[in-house]
Amino acid sequence: MNILLFGANGQVGFALREPLAELGRLICATRSGALDDDGPCVSVDLADSRSLANALDASGAKIIVNAAAYTAVDRAEDETDLADRVNHRAVAEMGEWAARNEALVIHYSTDYVFDGNSERPWHENDATAPLGVYGRSKLAGEQALRDSGAQHLILRTAWVYAARGQNFLRTMLRVAAEREELRVVDDQVGAPTSAGWIARTTANVLRRWLAMGVQEREMALGTYHLTASLRCSWFGFADQIMREAHDAGLHEKIPRMIPITSADYPTRATRPAFSVLDNAKLTLVFGQQQQPWQEGLHEVIGELAATRSHGDVS
């Protein structure tokens, strides 16, 4: 069984390589056509329809995992067409190809499809109302995949981080080394979710889906929420990052932490104030239990500490 993985150098894509390779013949795809570990890879530019079509045709894939996306939330406000091309139209083309070739598409989406105006965790069937271009492009991609007629699993996640790539955790560790004081937004709430846990859970979901009968598979298709359990603000996450990093020897001292409001830190695109997603459906259908966000953070800080001790700091 051929498995085509888009975005194989990204946070989630990198973490997906090992567990997906256990399930079939893995074909990695990146925009550059290279993997950072020099493994075999094909070049695919999701902004180019022909490039995408050629990769799909050459792959003979029965499973397509799309871990690629345009994720520059603020820049998307000025690059509307590019965000829509990568997050919407490319996903539509994946779905159309998969429908013709009887393939399954696993596609990642985001909490940004919601407006953040809630006091309880968001359910999969709650009304969507994205606040900006990024969220609208991701929502359009979801709907296009549904409309394509392809077998699909849409996995919405949020607040993703890893020991590699560009993310909140790595930004906090960098600025903490440069400053005595950190001011972090305290009125946006979510569940920080590690890319490694997302990857492991995705592989488990796929493994269980493949083991189902035809009718059960059809019933299991659809949209799911896939995030860590419990919740915190960005300030709470940053504070715990500092404590874990100090305990692991990544920083000698913890900077002074100051909570601020979103109004104190204006951004080009508005962020949802409440991004906690309800994962009960994932547990019910696939038996997957959430990882508390603190456990995921401890794992990632441990990974960074181990990397540093071996002198391989990126």
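It should be noted that the structure appears before, not after, this text.
Parameters at a glance
- Residues take numbers from 1 onward in each chain, read along the sequence in its written order.
- Confidence filtering applies because this is a predicted model: local features only for residues at pLDDT of at least 70, side-chain atom pairs given and counted only at 80 or more, and all residues used for totals across whole chains, interfaces and linings.
- In computing side-chain values, all of the structure's heavy atoms are included and hydrogens and water are not.
- Only strands joined by at least two bridges in the DSSP assignment are considered to pair.
- What counts as a helix is a DSSP run of H or I of at least four residues, what counts as a strand is a run of E of at least two, and both are numbered from the N terminus.
- The contact criterion used is simple: two residues touch if any of their non-hydrogen atoms lie within 4.5 Å.
- Helix axes are fitted to C-alpha atoms over the stretch in contact, other axes to C-alpha atoms as well, and angles between N-to-C directions run from 0 to 180 degrees.
- For the exposure calls, accessible area comes from a 1.4 Å probe over protein chains only, and a residue counts as buried if that area is under 20% of its type's maximum, exposed if over 50%, partly exposed in between.
- Think of a polar contact as two N or O atoms within 3.5 Å of one another; within protein, one of them needs to be a possible hydrogen donor and the other a possible acceptor, and neighboring residues in sequence only count if both atoms come from side chains.
- Sulfur atoms of two cysteines make up a disulfide when they are within 2.5 Å.
- Oblique is the label for every angle not falling under 35 degrees (roughly parallel), over 145 degrees (roughly antiparallel), or within 65 to 115 degrees (roughly perpendicular).
- Crossings are sorted by hand: turned counterclockwise from the far helix by less than a right angle, the near helix makes the crossing left-handed, and turned clockwise it makes it right-handed.
- Three residue categories are used. Nonpolar comprises Ala, Val, Leu, Ile, Met, Phe, Trp, Tyr, Cys and Pro, charged comprises Asp, Glu, Lys and Arg, and polar comprises the others, including Gly.
- Side-chain atoms within 4.5 Å are what join buried Ala, Val, Leu, Ile, Met, Phe, Trp, Tyr and Cys residues into a set we call a nonpolar core.
- Any Phe, Tyr or Trp ring, taking Trp's six-membered ring, that has another such ring centre within 6.5 Å forms a pair; planes under 30 degrees apart are called stacked, those over 60 apart edge-to-face, and the others tilted.
- Definition used: whenever NZ (Lys) or CZ (Arg) falls within 6 Å of the ring centre and also within 35 degrees of the ring normal, the charge is taken to sit over that ring.
- Note on handedness: a clockwise path from strand one over the helix to strand two, with the strands aimed away from the viewer, defines a right-handed crossover.

The next point concerns the sheet that holds strand β6 (residues 151-157). The strands making up a sheet associate through backbone hydrogen bonding, with each pair oriented either parallel or antiparallel. Strand order in the open sheet made by the 7 strands is β3-β2-β1-β4-β5-β6-β11, with parallel pairing throughout. The open sheet has two edge strands with one neighbour each: β3 (42-43) and β11 (222-225). Two strands pair when backbone bridges link them, and β6 and β11 are joined in this way by 4 bridges, in the parallel orientation. By the bridge assignment, Leu 155 is partnered in β11 with Tyr 224. Across the sheet, helix α1 (residues 11-21) touches β1 (2-6), β2 (25-30), β4 (63-66) and β5 (104-110), and the angle it forms with β1 is around 170°.

Looking at where Met 1 falls in the secondary structure, it is placed in the segment before β1. Accessibility expressed as a relative area gives 41% for Met 1, which makes it partly exposed. Counting along the chain gives 98 residues from Met 1 to Ala 99, while the straight-line C-alpha distance between them is 17 Å. Excluding anything up to four places from it in sequence, Met 1 contacts Leu 23, Gly 24, Arg 25, Lys 62, Ile 63 and Leu 210.

The subject of this paragraph is helix α5 (residues 168-176). For α5, the complete set of buried residues consists of Phe 168, Leu 169, Met 172, Leu 173, Val 175 and Ala 176. One side-chain oxygen of the residue at the start of α5 lies 3.2 Å from the amide nitrogen of Leu 169, identifying that residue as Asn 167.

This part is about the side chain of Thr 157. Structurally, Thr 157 can be placed in strand β6. Only 2.7 Å separates the side chain of Thr 157 from the backbone oxygen of Leu 226, close enough to count as a polar contact. Not counting chain neighbours up to four residues away, the residues in contact with Thr 157 comprise Ser 109, Thr 110, Asp 111, Thr 193, Ile 198, Leu 226, Thr 227 and Leu 277.

On to the state of the cysteines, then. Within this structure, the stated rule accounts for 0 disulfides. Looking at Cys 28, it has no disulfide partner, and the nearest cysteine sulfur is the one in Cys 41, 6.1 Å off. Residue Cys 28 is classed as buried on the basis of its relative accessible area of 8%.

Here α5 crosses helix α8 (residues 234-247) at 60°, and the two axes come no closer than 10 Å. Classified by the interaxial angle, the pair formed by α5 and α8 is oblique. Of the two possible hands of crossing, α5 and α8 adopt the one that is right-handed. Contacts between α5 and α8 involve Phe 168, Leu 169, Met 172, Leu 173 and Ala 176 on the former and, on the latter, Trp 234, Phe 237, Ala 238, Ile 241, Met 242 and Ala 245. Residues belonging to the contact of α5 with α8 are distributed by class as follows: 11 nonpolar, no polar and no charged.

If you look at the biggest cluster of nonpolar residues, it comprises 33 residues, and the most contacted ones within it are Leu 16, Val 65, Leu 104, Tyr 108, Leu 153 and Phe 286. Of all the elements in the fold, those that place two or more residues in this core are β1, α1, β4, β5, β6, α6 (195-211) and α9 (280-286). Among the nonpolar cores identified, the runner-up in size contains 32 residues, and Val 73, Val 91, Ile 154 and Ala 269 belong to it.

For the rest of this paragraph, the subject is the packing of aromatic side chains. Taken as a whole and judged by the stated rule, the model has 9 aromatic pairs. Taken together, a centroid distance of 4.5 Å and an interplanar angle of 10° make the contact between Phe 114 and Trp 122 stacked. Comparing Phe 114 with Trp 122, the two get one shared label, buried. An aromatic cluster is defined as three or more aromatic residues linked by ring pairs; in this entry it consists of Trp 159, Tyr 161, Phe 168, Trp 234, Phe 237 and Trp 293. Positioned above the aromatic ring of Phe 14 is the side chain of Arg 164, whose terminal nitrogen or guanidinium carbon lies 4.0 Å from the ring centre. Just above the ring of Trp 209 sits the side chain of Arg 217; from NZ or CZ to the centre is 4.5 Å.

Here we come to the packing of helix α2 (residues 49-59) against helix α3 (residues 80-101). Close contact between α2 and α3 brings their axes to 11 Å; oriented N to C, the two are set at 35°. Note that α2 runs across α3; the crossing there is right-handed. Here α2 contributes Ser 49, Leu 52, Leu 56, Asp 57 and Ser 59 to the contact with α3, which in turn contributes Arg 85, Ala 90, Glu 93, Met 94 and Trp 97. Classifying every residue of the contact of α2 with α3 by side-chain character gives 5 nonpolar, 2 polar and 3 charged.

Another aspect to go through is the pairing of β6. Burial runs high along β6: 6 of the 7 residues are buried. Looking at chain direction, β5 and β6 are connected through 7 bridges and run parallel. Its bridge partner lying in β6, Val 105 is registered against His 152. Chirality of the crossover, the property in question, places the unit of β5, helix α4 (residues 133-148) and β6 among those that are right-handed.

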